[in-house]
Amino acid sequence: MAEKVLELKHVNAFYKEGKKKRQVLEDVSFTLYEGEIVGLVGESGSGKSTLCKCVLGLLKEYDGEIIHYTKRPQMIFQDPFRSLNPRKTIGWILEEPLKVQGGYSGEERRQKAEEMLRQVHLLPEFYHRYPRELSGGQRQRISIALALLTGTKFILADEPLSALDVTVQAQIIELLRELQEKEKICYLFVSHDLDVVSMLCGRVLFLKDRKVEEYADI
Amino acid sequence: MKYRGTKLRQLGINKRKLGKTGYNFVFGLLLTIVMVGLIVLGFLWSPYDPEAMQGSVKLNAPNLVHIFGTDQFGRDIFSRVLVGAGSTLSIALGTVLIGGGIGIIAGAVTGYFGGWLDEMLMRVNDALAAFPSVLLALVIISIWGTGKYKVMLALGIAFIPSFARIVRGEFLRCREADYVISAKLIGVSTPRILFVHILPNILPALLSSLAIGFNNAVVQEAGMSYLGIGVQPPDASLGRMLSESQTYLASGPWCAIFPGVFLVLLVLGVGMLGEGILDRFGGGR
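Given the structure is predicted, the values throughout are model-derived calculations rather than measurements.

*Asks:* Got a minute to help me understand the overall build of chain B in this structure?
*Replies:* Tallying secondary structure elements over chain B gives 11 helices and zero strands in all. Taken along the three principal axes of its C-alpha coordinates, chain B extends 75 × 50 × 35 Å. Expressed as a percentage of the 285 residues in chain B, the buried residues total 44%.

This is the structure:
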């Protein structure tokens, strides 16, 4: 059996509304393993984004256990035009996780960033560019590179394809697959597009009315 | 919300048609450079000693020897304008530095974290803002006494609320941005998120408000010196000179005109520069 990446045990999440608590997740349990792509689908209001926030550690008001077996999860955002800091160069953005980890010289950081650019099939010249000079698909590749540079094995992708056109979607899917195989990255793939989910994901987590309705192989 | 409600826009004139560089920015920058250049010159050299009195040339009209004329004590007005503008400028810069520095930190923290800290600091801010800034500065001066640095400090404190409010609004706008969440997930420290990730993104709005603040400080300093609670004689400042020349307005109008014009040009230059920065760099937000 592959190694576990993330495990949720009986997670209940609440939002406070004045003195009342409103439950937004009810007894959610599941496990993710390395190298798998799991689709997260459900209607709006079913608790998808709350689940994401809990998993990312952005929402702390929940009961139950969320266990990470890898470094902090990273996220790829829906809107590639907002997810990169507009005032910084791509190189600066990519080096940020290395600066946080510490222990790299400027030259080493640069090399690693350029290496990562190649790995997501972008030219090393992008190092000096600003996000505004890149297309949506290129920016999504930068987001993926940024996530990988933190050294995580778990990426949460929140509708990463919905802002892209179809040909670019296919390219990004290709890249996600490639990284899944090469780097054993596990994705939790949030999407409305069932075609993409059935094409990309091995398993699907279906949320309905705050509960896990189904968690099954495709 | 975009800070683009400029006067020209209200009149229905599209600035893009007036040239892509923006004449505000270019003209403002040029004027600021010239005025600041003159002031820097005044620090290094002036044609006469600005405090030397000469009985033989009292209230002389502008001539070739004294190009801006002389005042009631026979002091060279050109030299005094240069040196006086220097102290006006340094007080204004100090004010913006103190007010801006504390305002940015307070605004960043309150805007980013929100909650009870935000409530508390913003109520303090409201209390400060409820006083007219000159009045507040007056109170501070009457406690600590007069002097150049105390004027700076007093005006600086009085200016904190306006900066804090602007910065807070901008941080409030940015804190939910995807790139900030991304930085959080990477594990970037909070101070670094505040001042390295977010601050550069609010720079256009911040710089133009600093320019407006600078102008207000110049005018406030002049006002305070005019009232006699600012820069003390024999030191020169533009406000001080305006106040002293009041009595001689009929017999020697040049005593008031030249410091006044210098003040107007300095304020105009920086004001246009601030507006220009917003037009030029603030549009892509």
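*Asks:* Would you take a moment to explain the overall build of chain A for this structure?
*Replies:* Across its full length, chain A holds six helices and nine strands. A compact globule built from 218 residues should have a C-alpha radius of gyration of about 17 Å, and chain A, at 18 Å, falls within 12% of that. For chain A, the spread of C-alpha atoms along the three principal axes comes to 50 × 40 × 35 Å. Taking all 218 residues of chain A together, 39% fall into the buried category.

*Asks:* I keep staring at the sheet that holds strand β2 (residues 20–33) of chain A and nothing clicks. Help me out?
*Replies:* Residue and element names in this part refer to chain A. One open sheet accounts for three strands, arranged β2-β1-β4; its pairing is antiparallel. With partners counted over all chains shown, the strands left at the sheet margins are β2 and β4 (62–68), one partner each. When strand polarity is set aside, the average angle formed by the axes of neighbouring strands in this sheet is 15°. Note that strand β1 (residues 4–17) and β2 share 10 bridges and pair antiparallel. Its bridge partner being in β2, F14 is matched across the sheet by Q23.

*Asks:* It is not clear to me how the packing of helix α3 (residues 106–119) of chain A against helix α4 (residues 136–149) of chain A should be interpreted in this structure. Could you clarify?
*Replies:* Two numbers describe a pair of packed helices, the interaxial angle and the distance between the axes. Residue and element names in this part refer to chain A. Contact pair α3 / α4: the axes reach a minimum separation of 10 Å and the direction vectors enclose 130°. Comparing the axis directions of α3 and α4 gives the class oblique. Relative to α4, α3 is oriented so that their crossing is right-handed. Judged by residue contacts, K112, M116 and L117 of α3 engage A145, L148 and L149 from α4. Grouping the amino acids of the contact of α3 with α4 by side-chain chemistry returns five nonpolar, no polar and one charged.

*Asks:* What should I look at first to understand the interface of chain A and chain B in this one?
*Replies:* When the parts of a complex come together, some accessible area is lost, and that lost area is often taken as the interface size. Across the contact, 16 residues belong to chain A and 12 residues belong to chain B. Breaking the side of chain A that touches chain B down by element, the ones donating at least two residues are β5 (74–76) and α2 (90–101) of chain A. With three residues, α2 of chain A is the largest single contributor of residues to the side of chain A that touches chain B. Class assignment for the residues of the side of chain A that touches chain B results in seven nonpolar, four polar and five charged.

*Asks:* Where do I start with the sheet that holds strand β7 (residues 186–190) of chain A in this structure?
*Replies:* One key point about sheets: their strands pair by backbone hydrogen bonds, in either a parallel or an antiparallel sense. All names here are of chain A. What the six strands build is an open sheet, ordered β5-β6-β7-β3-β8-β9; its pairing is mixed. Looking at strand neighbours, the two that pair on one side only are β5 and β9 (211–217), the edges of this open sheet. Averaged over all pairs of adjacent strands, the angle between strand axes in this sheet comes to 20°, irrespective of strand direction. Lying over the sheet, α4 contacts β5 and β6 (154–158), oriented at roughly 175° with respect to β5.

*Asks:* It is not clear to me how helix α7 (residues 178–186) of chain B should be interpreted in this structure. Could you clarify?
*Replies:* When α7 of chain B is considered as a whole, its buried residues turn out to be Y179, V180, S182, A183, L185 and I186 of chain B. Packing partners of the buried residues in α7 of chain B comprise α1 (48–56), β5 and α2 of chain A together with α6 (148–174) and α8 (190–198) of chain B. Downstream of α7 of chain B by one or two residues, G187 of chain B has phi in the positive range, about 105°.

*Asks:* Got a minute to help me understand unusual backbone geometry in this structure?
*Replies:* For residues other than glycine, phi is negative in most cases, and the peptide bonds are mostly trans. All names here are of chain A. Positive phi outside glycine occurs at D27, with the angle close to 50°. Along the chain, D27 turns up in strand β2. Even without glycine at this site, D209 takes up a positive phi of about 45°. Within the fold, D209 resides in the loop between β8 (203–208) and β9.

*Asks:* How do you make sense of the packing of α2 of chain A against α3 of chain A when you look at a structure like this?
*Replies:* All names here are of chain A. In the contact formed by α2 and α3, the axes pass within 9 Å of each other and the chain directions differ by 115°. The angle between the axes of α2 and α3 places the two elements in the roughly perpendicular class. For the pair α2 and α3, the sense of crossing is right-handed. Across from G91, L94, E95 and L98 in α2, the residues of α3 making contact are R109, R110, K112, A113 and M116. The residue makeup of the contact of α2 with α3, split by class, is four nonpolar, one polar and four charged.

*Asks:* Explanation requested: the confidence of the model for chain B in the structure shown.
*Replies:* Parts of the prediction with low pLDDT should not have their coordinates interpreted in detail. Of all residues in chain B, 91% attain a pLDDT of 70 or more, and the chain-wide mean is 84. Across the predicted assembly, pTM comes out at 0.81 and ipTM at 0.89.

*Asks:* What is the right way to look at the pairing of β8 of chain A in this model?
*Replies:* Each regular strand shows side chains that alternate between the opposite faces of the sheet. Residues and elements named next belong to chain A. When strand β3 (residues 37–42) meets β8, the two strands line up parallel, connected through five bridges. For L40, the partnering residue across the bridge sits in β8 and is L205. Summarising the sheet, β8 and β9 pair through six bridges and their orientation is antiparallel. Opposite R203, over in β9, you have D217 as the bridge partner. In this structure, the hairpin formed by β8 and β9 is closed by a connection of two residues, where D209 is found at a positive phi of approximately 45°.

*Asks:* Before we go on, may I ask you to explain the nonpolar core in this structure?
*Replies:* Side chains of a nonpolar character, in soluble globular proteins, are inclined to be buried together. Core analysis: the largest hydrophobic core is formed by 124 residues, its most contacted members being V38, A145, Y187 and F189 of chain A together with V167 of chain B. Setting aside chain neighbours within four positions, we find V167 of chain B in contact with G103, I104, G107, A108, G111, I202 and L206 of chain B.

*Asks:* Just checking my understanding: could you explain the environment of R139 of chain A for this structure?
*Replies:* Residue and element names in this part refer to chain A. The residue R139 is located in helix α4 in this model. Accessibility expressed as a C-beta count within 10 Å gives 23 for R139, which makes it buried. Considering only alpha carbons, one finds R139 and L40, 99 residues apart in sequence, at a separation of 23 Å. For R139, the contacting residues outside a window of four places in its chain are P80, F81, L84, P131 and L134.

*Asks:* Hey, could you run me through the environment of P253 of chain B in this one?
*Replies:* In this structure, P253 of chain B sits in the loop between α10 (238–245) and α11 (254–281). Residues P253 of chain B and G69 of chain B, 184 residues apart in the sequence, show an inter-C-alpha distance of 9.8 Å.

Definitions and limits used
Residues numbered from 1 in each chain as written. Chains lettered and ligands numbered in written order. Predicted model: local features only at pLDDT ≥ 70, side-chain atom pairs only at ≥ 80, totals over all residues. Helix = DSSP H or I, 4+ residues; strand = E, 2+ residues; numbered from the N terminus. Buried ≥ 20, exposed ≤ 12 C-beta atoms within 10 Å, placed from the backbone. Rg over C-alpha atoms; globule rule 2.2 N^0.38 Å. Pairing = 2+ DSSP bridges. Axes fitted to C-alpha atoms, helices over the stretch in contact; angles between N-to-C directions. Parallel < 35°, antiparallel > 145°, perpendicular 65-115°, else oblique. Left-handed = near helix turned anticlockwise from the far one by under 90°. Contact = placed C-beta atoms within 7 Å. Nonpolar A, V, L, I, M, F, W, Y, C, P; charged D, E, K, R; others polar. pLDDT = per-residue confidence, 0-100. Core = buried A, V, L, I, M, F, W, Y, C linked by C-beta atoms within 7 Å.

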